[in-house]
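Listed here are the chains, written in short residue letters.
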Amino acid sequence: MKTFRRTAATALLGFALALGIAQPPAGAGPDTPRTAAATAPAPAAAEFNVRDYGAAGNGSTNDTAAINKAITAANTAGGGIVRFPSGTYESKNTIRMKSNVTLQLDAGSTISGNGADTYDPPEPNQWDDYQDYGHSHFHNAMIYGDNLSNIGFTGSGVIDGDGALITGNPKSGEADKIISLTRCKNLTLSGITLREGGHFAALLNNCDNVVSDRLTIDTAMDRDGWNIISTTNVKITGAHLEANDDALAFKSDYALGAKLNNGHVTVTDSYLSAGCCNALMFGSETCGDFTDYRFERITIKGSDKSGLGLVSMDGAKISDVHYKDITMTDVRSPIMQKVGTRKRCGNNPGVGSISNITYTNIKANGTTPSFSPTLWGESGSGRIHDITFTDVDITVPGGNGTMSTNPPSNDPKDYNPKAIGTRPAYGWYIRNADNVRFTDSEVRFAANDGRPAVIANNSTGIRFDRFTAQRGSNSPSDLLFQTVNGYCVAGGANTNGGALRISQTGSSQNCGGGGPSPNRYEAENATYSTGSTVDSDHTGYSGTGFLNTPNTVGAYVEWTVNATEAGSADLVIAYANGTTTSRPLDITVNGVTVAAASPFAGTGAWTSWRTVTVPVALKAGANTVRATATTANGAPNLDYLDGPA
């Protein structure tokens, strides 16, 4: 088979013409429009079949040399695709990636590791002391590259360590990771499967612009799935990552001799599982700052440490992190935030901080979590602040008796959930935190528990709006505030519908400021269908009451919502549905349906209030927003609508 190749000059000229930055070919004439080149189809990428370079693909011949020849040829030609047709390509040596090269693994193709101990040795690193050995050395991998751009791993094939990769500190010749990339730019990692990855299936450090779609990692028999370290501009969709150690971890270490920033990351529509450790994790290596992370529509099943872990141990400031629509089962610690003082980083790090973190529509169900969800800040500049929980429902195992409510022990140099002793609250334990708000959230236990549902200690501005807590038969209170300046509990109930029992020591109550949104539109003040009533017999509502519409198709409530300018906005509708059947509503804006039959699921009780967020486009000025029942059950009880600022 003859392989097509392009010269570097031809490839670069085609790229320049496509962008309109090169002159048209000779003879085109001064009146030839420059846009003609821009509209011409881009030339197909050159392909370099590894079999043309001597790869056997028979599962026994060492194909590394042939693979590296194909990569070099593609790079020399200005870039291209190195293709692996169906077959098993044994790789006893390190594959060395180069810029402008994509490895394309066709269906049925596998690059397989080998235990011959002939991989590249680890390079020396003067910064070894600041992170674990596996983080400090990069050459000892199945596939390695440094300072590369425009590279990819695509297709539907497999890269398999095949039991040959080391999970601990490797000896010279042994590899401990599948893909190891440093200082890379424009990386695509999509479609393929990484299996049995040793210490890491994939390890990135100081990369920028990473795109991943439908990546599968199956390394539950080894250690980490994907560590993304000191990396910016990452988009991950449709990942399926099963690991034994951390499944997906964002870190920032000192392996490259500098504190580097991290951020501008989205992860959506993905599945994560971790055996011994953390499912979706920040840290523990946290030298450089982290900002702008979005995690949405993620399923987590199994984690013996944190489901959603976020720690700053080495001086990092972590901010602007947002979790939404996440379901967790069989996680030991559902949500964990901690600021520690390990300071394992160069340049004399101080104490870090965690701020501006939101959790929306988070469900953690099951009986395996044994560490209470925790926010643990450090005193001084290391406090946690500005954290919001909306529609966050967590079930923990419970089963403890009444115990001391004093702060538990803590090892400030250890990030693990167990580094903090048994929490004196079965639900949320909050310490050294400011401006924390729970809205339409609840906590329950599987077995009777004698501890309070929530304890907040040495904090300020702790607020609960329509919070629901299960009550243990011997618990002294439901919510306990210890040295909290400005706590507020508005609405809410225990799971039997009774009022929450609140205790405090050395604390002050303040429900001013932080109250209802200034752009709140109460349902009782809206326009509504005939036969509706404004009621107040179920506690926990906002305003003077809630709207109870007739149980008929077409029952509605209509608000007039003002917007200062045209654009996208989120409308938040609060409701209660004490049945087990959804009561769907059509949501229209200015007569146009924006959410057809949006489910308003059961909330467990008529005193349990929840919110539904509807993204819409509004015009400047007044907008008519109508919610209309689509079944004979009518609408749920409606409390309010929060509009844009």
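In this text the structure is predicted, and so the values were computed from the model without any measurement.

Student: Break down the overall build of the protein chain for me, citing the residues and quoting the values.
Tutor: Secondary structure summary: the protein chain contains four helices and 47 strands in total. Whereas a compact globule of 645 residues would reach a radius of gyration of roughly 26 Å, the protein chain reaches 28 Å, a difference of no more than 12%. Principal-axis analysis of the C-alpha atoms gives the protein chain an extent of 80 × 65 × 40 Å. Taken over 645 residues, the protein chain has a buried fraction of 56%. Here the protein chain has roughly 23900 Å² of accessible surface; of this, 48% comes from carbon and sulfur atoms. Taking the average location of the 49 positive side-chain charges in the protein chain and that of its 59 negative ones, the two points are 2 Å from each other.

Student: Which residues make up the pairing of strand E20 (residues 248-252), and what are the values?
Tutor: Within E20, five of the five residues are buried, which leaves it mostly tucked inside the rest of the structure. On E20, burial covers both faces: Leu248, Phe250 and Ser252 on one face and Ala249 and Lys251 on the other are all buried. Of the strand pairs in this sheet, strand E17 (residues 224-229) and E20 are connected by four bridges, and their pairing is parallel. When the bridges of E20 are listed, Asn227 appears paired with Ala249.

Student: Report on the sheet that holds strand E41 (residues 556-563), specifying residues and quantitative values.
Tutor: Strand order in the open sheet formed by five strands is E38-E41-E46-E43-E44, and the pairing between neighbours is antiparallel. The open sheet is flanked by strand E38 (527-528) and strand E44 (592-598), the only strands paired with a single partner. In this sheet, E44 lies alongside strand E43 (residues 585-589) in antiparallel orientation, the contact comprising four bridges. Looking across to E44, one finds that Val589 is bridged to Val592.

Student: Lay out helix H3 (residues 64-76) in plain terms, naming residues and giving numbers.
Tutor: The terminal C-alpha atoms of H3, which comprises 13 residues, lie 18 Å apart, in line with the 18 Å expected from a rise of 1.5 Å per residue. Where H3 is concerned, the buried positions are Thr64, Ala66, Ile67, Asn68, Ala70, Ile71, Ala73 and Ala74. Residues of H3 that are buried make contact with strand E1 (47-49), strand E2 (58-62), strand E3 (80-84), strand E4 (87-90), strand E5 (95-96) and strand E6 (101-105). Phi turns positive, to about 100°, at Gly78, one or two residues after H3.

Student: Give me the state of the cysteines: which residues, what numbers.
Tutor: With the rule as written, the count across this model stands at four disulfides. Through a disulfide, Cys184 is tied to Cys207; the S-S separation comes to 2.1 Å. The S-S bond linking Cys184 to Cys207 shows a torsion near 120°; that makes this disulfide right-handed. Taken as a pair, Cys184 in the loop between strand E11 (177-182) and strand E12 (185-189) and Cys207 in the loop between strand E14 (200-205) and strand E15 (208-213) lie far apart in primary sequence, 23 residues in all. What pairs with Cys287 in a disulfide is Cys345, and their sulfur atoms sit 2.3 Å apart. Given an S-S torsion of about 140°, the disulfide between Cys287 and Cys345 has right-handed geometry. Placement of the pair is Cys287 in the loop between strand E22 (280-286) and strand E23 (290-312) and Cys345 in the loop between strand E24 (317-339) and strand E25 (353-365), with a sequence separation of 58 residues. Both residues of the pair, Cys287 and Cys345, belong to the buried class. The cystine pairing of the protein chain, numbering bonded cysteines in sequence order, is 1-2, 3-4, 5-6, 7-8.

Student: Give a detailed account of the environment of Lys171, specifying residues and quantitative values.
Tutor: Positionally, Lys171 belongs in the loop between strand E10 (158-160) and E11. Sequence separation between Lys171 and Glu522 is 351 residues; the distance between their C-alpha atoms is 67 Å.

Student: Which residues make up the pairing of strand E47 (residues 637-642), and what values go with them?
Tutor: With respect to burial, E47 is a largely interior element, six of its six residues being buried. Sheet analysis places strand E37 (residues 520-522) next to E47, joined by three bridges and oriented antiparallel. Pairing of Tyr521 across the sheet is with Leu641, part of E47. The sheet contact formed by strand E42 (residues 567-576) and E47 spans five bridges and is antiparallel. Each residue of the ladder has a partner; that of Tyr575, found in E47, is Leu638.

Student: Any details on the packing of aromatic side chains? Residues and values, ideally.
Tutor: This model, assessed by the stated rule, comprises 26 aromatic pairs. Summarising the aromatic geometry, the rings of Phe84 and Tyr89 are spaced 5.3 Å apart at their centres and angled 80° between planes, so their arrangement reads as edge-to-face. Across this residue pair, the class does not change: Phe84 and Tyr89 are buried. Measuring from centroid to centroid gives 4.9 Å for Phe464 and Phe467, while their planes differ by 70°, and the two rings are edge-to-face. For Phe464, a relative accessible area of 0% puts it in the buried group. Over the ring of Tyr640 we find Arg520; its NZ or CZ atom is 3.6 Å from the centre of that ring. One residue, Arg626, lies across the ring of Tyr556, its end atom 3.7 Å from the ring centre.

Student: Before we move on, could you go through unusual backbone geometry and cite the residues and values that matter?
Tutor: Look at the link from Gly283 to Ser284: it is a cis peptide, with omega at 15°. Looking at the element boundaries, Ser284 is found in strand E22. Even without glycine at this site, Asp117 takes up a positive phi of about 60°. Tracing the chain through its elements places Asp117 in the loop between strand E7 (109-112) and helix H4 (133-136). One non-glycine residue with positive phi stands out, namely Ser230, at about 45°. Mapped onto the fold, Ser230 is located in the loop between E17 and strand E18 (232-237). The exposure class assigned to Ser230 is buried, which follows from its relative accessible area of 2%.

Student: I'd like to hear about the pattern of salt bridges, residue by residue, with values.
Tutor: This structure, assessed with the given rule, holds 36 salt bridges. Between Arg342 and Asp314 there is a salt bridge; the shortest N-O distance is 2.8 Å. With Arg342 in the loop between E24 and E25 and Asp314 in the loop between E23 and E24, this pair connects stretches of sequence that are 28 residues apart. The two residues Arg342 and Asp314 agree in class, both being buried. Overlapping salt bridges, with partners in common, bring together Asp132, Asp224, Asp246, Lys251, Glu285 and Arg344 in one network.

Criteria and cut-off values
Residues numbered from 1 in each chain as written. Predicted model: local features only at pLDDT ≥ 70, side-chain atom pairs only at ≥ 80, totals over all residues. Heavy atoms only, no water. Helix = DSSP H or I, 4+ residues; strand = E, 2+ residues; numbered from the N terminus. Rg over C-alpha atoms; globule rule 2.2 N^0.38 Å. Buried < 20%, exposed > 50% of the residue type's maximum accessible area, 1.4 Å probe, protein only. Areas by Shrake-Rupley, 256 points an atom, 1.4 Å probe, with all protein chains shown as cover. Lys, Arg positive; Asp, Glu negative; His and termini not counted. Charge placed at Lys NZ, Arg CZ, Asp CG, Glu CD. Pairing = 2+ DSSP bridges. Expected span 1.5 Å × (residues − 1). Contact = heavy atoms within 4.5 Å. Disulfide = S-S within 2.5 Å. Phe/Tyr/Trp six-rings, centres within 6.5 Å; stacked < 30°, edge-to-face > 60°. Lys NZ or Arg CZ within 6 Å of the ring centre and 35° of its normal. Salt bridge = Lys/Arg side-chain N within 4 Å of Asp/Glu carboxyl O.

Without other data, these values stay purely geometric and don't point to any function.
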